[in-house]
Amino acid sequence: MVRAPSAPERVVRSGPSFPNLNSQRRDACPSLGQGLDLSSASSGAPPSAAATTAVAFRSVTKTYATSYETVSALDSVSFAVERGGVVAVVGPSGSGKTTLLNMAAALDFPTSGSVRVGATETSGLGRDALQRFRNEVVGVIFQQFFLVDHLTVFGNVMVPLIPRDLPAPEKEKRVLDAIAKVGLRGKERRLPSELSGGELQRVAVARGVVGDPQVVLADEPTGNLDSKKGAEIVDLLLAESRERGKTVLIATHDLRILERVDGVAFLEDGRLSRVQGRCVQTG
Amino acid sequence: MVLISQVSGHLLTQAITAYDATAAQTAAVRSETTGLALSASALGLAFSAAVIFTVRDRLDPELRTYRATGLPATAALRLILGSHPVIPVAAALSAGVAAALVDAVLGLDPLFPLALAAAFAGSLTLWLSAHVLRALARQAPDRGSAGRVG
């Protein structure tokens, strides 16, 4: 079932509050009306709330059929994330966080409902458009890093740029810039087996952002790291939002992250229990 | 092993010819060694299946990355063929060429080892292509994460 985009939805601030939610980011969701417009039209008119929405989940339900039973991973989840915001999706293991991020990355699709990233509904994409969407619109960072073990740091970060129609020197410059940004300058020729866990995740972050995606999706990015290295990874993700206006969606059960994000969506047993903070709306 | 079978058959044939073996005896030796070479080929194909089985598990995380980054199948296949699966392919081709050279020097049939090496390399490459295409075109989550809903 596919629903048309609805009217602007209210920002929910009710429900139990999370006291340490990042209150310093008064500039959150700063890029309203800029950046993420996957449609070709640009009227110059003031942006509507729909136009300022980076990711929208509408009545998203996902069930998996196994040999023995049907598992419900998500049940009528509806919320939207505004452009430029850093929003955490929080919940215990099995609550549907990874499934939700897979939907936003167009790596999985709803059984019913719809997922929109910008103006693009992921279920409606053909094969080529799907590849382009995954390559240009979203950047995914996995908890397990998923670096290619036979490629160097440089090679791993280069992967998203391979299909891009750019001159080789431009690609190389972007890769080197991304590697430098995550603090791995000088380690370009190393293999993943020669890096620490924190460095591996930094490479994964560099690979996730090197293609200049509008939306960065991070699935438990600090899950395999100690607190210091985890905080450094969160710093990198926040910088993507603050310095480059990217929308960042982080699936996590690390409550320390919540102190630093703009908004939080809470999942329980595949249902959205509440949202809190800026940049996240429910409907 | 194919080469060993061929060469040992060749040497044995030469040896018994020196002792005035009959044409029937020589033909019998050649038939036996051809059977041995065929058995070696079967072992080679079993080795090929084992390589495919091993490579499949190593490939899945890599393919997950390529799928998530929107890499086209051709580019993904090029990266994969330039990496670990090409090692057994290259080894098989090298062994085939070496065996064929020895065969040529000894006046034996070089097509046997070459055909076996080509069959091995071809089957592995074909299987890789099909696996990459299927993995990148998949609509559902990648293998290993389908049941993970956390």
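Fair warning: this is a prediction, and the values are worked out from it, not measured in the lab.

What follows deals with the overall build of chain A. Tallying secondary structure elements over chain A gives six helices and 11 strands in all. For chain A, the proportion of its 283 residues judged to be buried stands at 48%. Look at the contacts in chain A between residues 6 or more apart in sequence, and 73% of them connect residues 24 or more apart.

Quick look at the interface of chain B and chain A now. The partner chain A presents 28 residues to the 23 residues of chain B that form the contact. When residues of the side of chain B that touches chain A are assigned to their parent elements, the largest contribution, six residues, is made by helix 2 (residues 23-68) of chain B. Considering only residue class, the side of chain B that touches chain A consists of 10 nonpolar, nine polar and four charged.

Moving on, we come to the packing of helix 2 of chain B against helix 5 (residues 111-137) of chain B. Residue and element names in this part refer to chain B. Between helix 2 and helix 5, whose axes approach to 9 Å, the crossing angle comes to 25°. The pairing of helix 2 with helix 5 is recorded here as roughly parallel in orientation. Classified by chirality, the crossing of helix 5 by helix 2 is right-handed. Touching Ala37, Ser41, Gly44, Ser48, Val51, Ile52, Arg56, Leu59, Leu63, Tyr66 and Arg67 of helix 2 are Phe112, Leu116, Phe120, Ser123, Leu124, Trp127, His131, Val132, Ala135 and Leu136, all from helix 5. Residue composition of the contact of helix 2 with helix 5, by class: 14 nonpolar, five polar and two charged.

Residue position: Arg164 of chain A is located in the loop between helix 3 (153-158) and helix 4 (168-181). With 42 residues separating them in the primary sequence, Arg164 of chain A and Ala206 of chain A have C-alpha atoms 16 Å apart.

The five strands lie next to each other as 5-4-1-2-11 (chain A), forming an open sheet whose pairing is antiparallel. Every interior strand has two partners, whereas the edge strands, strand 5 (120-121) and strand 11 (280-282) of chain A, have only one.

Further remarks concern the pairing of strand 8 (residues 247-252) of chain A. Residue and element names in this part refer to chain A. Counting buried positions along strand 8 yields six of six residues, so the element is predominantly enclosed. Side-chain alternation along strand 8 places Thr247, Leu249 and Ala251 on one buried face and Val248, Ile250 and Thr252 on a second face that is also buried. Bridge count between strand 3 (residues 86-90) and strand 8: five bridges; the pairing is parallel. By the bridge assignment for strand 8, Val87 is matched with Leu249. Bridge count between strand 7 (residues 215-219) and strand 8: five bridges; the pairing is parallel. Bridge pairing in strand 8 links Asp219 to Ala251.

Of all hydrophobic cores here, the largest spans 77 residues; its most connected members are Val87, Ala104, Val215, Leu217, Leu237, Leu249 and Ile250 of chain A. Those residues within four positions of Leu249 of chain A in sequence are excluded, and the remaining contacts are Val55, Val81, Val87, Val89, Leu101, Ala104, Val215 and Leu217 of chain A.

Right, let's get into the confidence of the model for chain A. All names here are of chain A. The pLDDT averaged across chain A works out to 83; a share of 82% of its residues lies at or above 70. Per-residue pLDDT, averaged within each element of chain A, yields its smallest value for strand 11 (87) and its largest for helix 3 (96). Low confidence marks residues 31-47, where pLDDT is under 50. Its contacts with residues over four positions away, or in another chain, come to 28 contacts.

Okay, helix 5 (residues 197-209) of chain A next. Residue and element names in this part refer to chain A. Its 13 residues give helix 5 an end-to-end C-alpha distance of 19 Å, which sits within 8% of 18 Å, the value for a rise of 1.5 Å per residue. Burial of helix 5 is extensive: 10 of the 13 residues sit out of reach of the surface. Turning to helix 5, its buried residues are Leu200, Gln201, Arg202, Val203, Ala204, Val205, Ala206, Arg207, Gly208 and Val209. Turning to helix 5, the residues buried within the fold contact strand 6 (138-141), helix 3, helix 4, strand 7 and helix 6 (227-244).

What counts, and where the lines are drawn
- Residues numbered from 1 in each chain as written.
- Chains lettered and ligands numbered in written order.
- Predicted model: local features only at pLDDT ≥ 70, side-chain atom pairs only at ≥ 80, totals over all residues.
- Helix = DSSP H or I, 4+ residues; strand = E, 2+ residues; numbered from the N terminus.
- Buried ≥ 20, exposed ≤ 12 C-beta atoms within 10 Å, placed from the backbone.
- Contact = placed C-beta atoms within 7 Å.
- Nonpolar A, V, L, I, M, F, W, Y, C, P; charged D, E, K, R; others polar.
- Axes fitted to C-alpha atoms, helices over the stretch in contact; angles between N-to-C directions.
- Parallel < 35°, antiparallel > 145°, perpendicular 65-115°, else oblique.
- Left-handed = near helix turned anticlockwise from the far one by under 90°.
- Pairing = 2+ DSSP bridges.
- Core = buried A, V, L, I, M, F, W, Y, C linked by C-beta atoms within 7 Å.
- pLDDT = per-residue confidence, 0-100.
- Expected span 1.5 Å × (residues − 1).

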